[in-house]
Structure formats: structure tokens, C-alpha cells
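Spelled out, the chains give:
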Amino acid sequence: RACRRFVSFVVFTVMLGVAVAITFALVSEKSSITTSEDKDDGSDQTMQQTISNFFATTGIAYALSFTLVISNKILQHMCVVLTVFEKHRTWTNFRRQNTLKFIVFKLINVTVFYAVQWIATSRSVVLC
């Protein structure tokens, strides 16, 4: 039983790490586009470049939102699979562990999203 919980914990941690890495990559990309858009080296930026940067930033923002929703849906299913794998003796214990896994993942996922976005925003402010 302890081995099953350990394997479940490892899989849970890996899935959380993948979601955090995807979020970090998208926020970093958004920050680099925003930073390059904000730099003014004396040359006039064409309207096409401005529109291109706007759509790139907007697309990355939508991708971030989509990533959060999809990772929450995938993990909700994986939480059930992992909790079944742990073979809890009672239904109450099963539900408690499943809910705990899902809430912890959601909290960490959203917190990391905002933390990474805050770091990227403060970094772009320093670069300007």
C-alpha cells in the first residue's frame, strides 16, 4: 500500500512539473514579445509589426488560459486513476484522497501561473 502511494505521489509530482513548465514557457514567451514590443530604439515600428505583436501576445494569453483549463481537466481524470491505483479500503477515504490531490494541484497550478506572470512582468519592467 505504501509503495502504491509513493508511485502515485511521483506521478502526481511529474504531472504538476509538466504543467508548471508549460506555464513558465508560455509566460516567458509572452514576456519576451512584450519586452521587444516596448523597446524603442529610435526607429519607427510599422503598423504590421505592431499588429503582429498584438496578435502574438493575445494568442499566448489564450494559450495560457487553455493550458490551465486542459491541465486541470487532465489532472482531474488522473487523480481518479491514481486514487483507484492506491486501492483505498473505504469510499470516504477514496473521496478524501481524490479531492485532496485535485485541490492541491489546482492551487499550485494557479499560484504558479500568477507567480511566474508576476516574475516575468517585473523582469520586463527592469529591462525597459
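In the block above lies the structure referred to throughout.
Conventions used here
Residues numbered from 1 in each chain as written. Predicted model: local features only at pLDDT ≥ 70, side-chain atom pairs only at ≥ 80, totals over all residues. Heavy atoms only, no water. Phe/Tyr/Trp six-rings, centres within 6.5 Å; stacked < 30°, edge-to-face > 60°. Helix = DSSP H or I, 4+ residues; strand = E, 2+ residues; numbered from the N terminus. Buried < 20%, exposed > 50% of the residue type's maximum accessible area, 1.4 Å probe, protein only. Lys NZ or Arg CZ within 6 Å of the ring centre and 35° of its normal.

**Q** Mind showing me how you'd approach the packing of aromatic side chains here?
**A** Centre-to-centre distance and the angle between the planes together describe a pair of aromatic rings. According to the stated counting rule, one finds two aromatic pairs in the structure shown. Seen from their ring centres, Phe12 and Phe105 are 6.3 Å apart, and the 70° between their planes marks the pair as edge-to-face. Residue Phe12 is found in helix 1 (residues 2–38), and its partner Phe105 is found in helix 3 (residues 91–127); the two are separated by 93 residues along the sequence. Side by side, Phe12 and Phe105 carry an identical accessibility label, which is buried. When the ring of Trp91 is compared with that of Phe94, the centres are 5.3 Å apart and the planes differ by 20°; the resulting orientation is stacked. Of this pair, Trp91 and Phe94 both sit in helix 3, three residues apart, which is roughly one turn of the helix. Assessed through its relative accessible area of 61%, Trp91 is described here as exposed. Overall, the relative accessible area of 13% leaves Phe94 in the buried class. It is Arg4 that lies over the ring of Phe85; its NZ or CZ is 4.8 Å from the centre.

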